[in-house]
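Listed below are the residues making up each chain.
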Amino acid sequence: MTNDDLKYYGKIPEPALRRLPWYLAYVKLLKGKGDTVVSSTQIAKEINVDASQVAKDLSFVNISGKTRVGYEINALINILENFLGFTSRHKAFLFGVGQLGAALMRDSGLNQYGVEIVAGFDIRTDVTGKEIDGIPVFPMNTLPEKQKKYGATIAIITVPVENAQEATDFIVANGIKALWNFTPFRIRVPENIVVQNTSIYAHLAVMFNRMNENSNN
């Protein structure tokens, strides 16, 4: 059992919470094909988990399927989107407008999941004062006044790893409540601050390791 298996958000374990967006994406595809109901067995085959696990995960969001029929797709989509917070709008600042940061600022898909990047911040003068897809990029030291203007609650961190903790401390001091950390550095924050680490490099390490295992076998 890992530390993640011990984490709960409300009444739902984190592993289940991580699976729900996969279920949502799949049933949206089915809706696009004109389907109106879906069974836990269908979802399980697509996501590669047990049907009993799907049913258990969905029980956390207070929806029950009909015996031998399944779940009504429109209702399931609405309930999952609301439960996951995708129907709300969360203003976000992005810190570190390099290639990854700029790509995220151009990613209109984030809006579909409730994240609206309203501004970027950087220390480089060749980046600040410009816009990326209509989103302004400001000098890092203007954060206090921009936070008063925009009232962002989320920070997306794509700064160089050596600046990660310093940037984090400055961001938290200016009222940000949740951090989406794309750096490989495990940032330290007060207990009341939410952190989600998304290390591309860690995922690469897992993928390469599994490739090597397959080659050896």
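These numbers come from a predicted model, not from an experiment.

**What to know about the overall build of the protein**
Inference 1: Along its length, the protein carries nine helices and eleven strands.
Inference 2: Overall, the C-alpha framework of the protein stretches about 60 × 45 × 35 Å when taken along its three principal axes.
Inference 3: Considering only intrachain contacts with a sequence separation of at least 6, the fraction spanning at least 24 residues in the protein is 54%.
Inference 4: Total accessible area on the protein is roughly 13,200 Å²; 51% of this is exposed by carbon and sulfur atoms.

**A few points about the environment of Leu 143**
Inference 1: Relative to the elements of secondary structure, Leu 143 occurs in helix H7 (residues 143-150).
Inference 2: C-alpha of Leu 143 to C-alpha of Ala 119: the two residues are 24 residues apart in sequence and 9.9 Å apart in space.
Inference 3: Not counting the four nearest positions on each side in its chain, Leu 143 is found in contact with Phe 93, Phe 95, Phe 121, Phe 170, Ile 171 and Asn 174.

**Details of the nonpolar core**
Inference 1: Counting 23 residues, the largest nonpolar core has Leu 20, Tyr 23, Val 38, Ile 43, Leu 58, Leu 76 and Leu 80 as the members making the most contacts within it.
Inference 2: Elements that contribute at least two residues to this core include exactly helix H1 (14-32), helix H2 (40-47), helix H3 (51-59) and helix H4 (73-84).
Inference 3: In terms of nonpolar packing, the next biggest core, distinct from the first, is built from 21 residues, Phe 93, Phe 95, Ala 164 and Leu 179 among them.

**A word on the sheet that holds strand E11 (residues 194-197)**
Strand pairing in a sheet relies on backbone hydrogen bonds, with the paired strands running either antiparallel or parallel.
Inference 1: As summarised here, the arrangement of the seven strands in space is E7-E8-E6-E5-E9-E10-E11, forming an open sheet in which the pairing is mixed. Looking at strand neighbours, the two that pair on one side only are strand E7 (131-132) and E11, the edges of this open sheet.
Inference 2: For strand E10 (residues 178-181) and E11, the ladder comprises four bridges, and the chain directions are parallel. Paired with Leu 179 across the bridge in E11 is Val 195.
Inference 3: Together, strand E5 (90-95), strand E6 (115-122) and strand E8 (135-139) form the strand contacts of H7, whose direction differs from that of E5 by roughly 160°.

**Describing the environment of Pro 136**
Inference 1: By the element assignment, Pro 136 lies in strand E8.
Inference 2: Taking the relative accessible area as the measure of exposure, Pro 136 reaches 16% and is therefore buried.
Inference 3: Here the alpha-carbon distance between Pro 136 and Ile 157, two residues 21 residues apart in the chain, equals 16 Å.
Inference 4: Excluding residues within four positions of it along the chain, Pro 136 makes contact with Met 105, Val 118, Ala 119, Gly 120, Lys 130, Glu 131 and Tyr 150.

**Section: the pattern of salt bridges**
Inference 1: Under the criterion given, the structure shown has five salt bridges.
Inference 2: With a shortest N-O distance of 2.6 Å, Glu 14 and Arg 18 are connected by a salt bridge. Highlighted residues: Glu 14 and Arg 18, both in helix H1, separated by four residues, approximately one helical turn.
Inference 3: Here Arg 124 ties to Asp 122 by a salt bridge, and the two come within 3.1 Å at their closest N and O atoms.
Inference 4: The class of Asp 122 is buried, set by a relative accessible area of 7%.

What counts and how
Residues numbered from 1 in each chain as written. Predicted model: local features only at pLDDT ≥ 70, side-chain atom pairs only at ≥ 80, totals over all residues. Heavy atoms only, no water. Helix = DSSP H or I, 4+ residues; strand = E, 2+ residues; numbered from the N terminus. Contact = heavy atoms within 4.5 Å. Areas by Shrake-Rupley, 256 points an atom, 1.4 Å probe, with all protein chains shown as cover. Core = buried A, V, L, I, M, F, W, Y, C linked by side-chain atoms within 4.5 Å. Buried < 20%, exposed > 50% of the residue type's maximum accessible area, 1.4 Å probe, protein only. Pairing = 2+ DSSP bridges. Axes fitted to C-alpha atoms, helices over the stretch in contact; angles between N-to-C directions. Salt bridge = Lys/Arg side-chain N within 4 Å of Asp/Glu carboxyl O.

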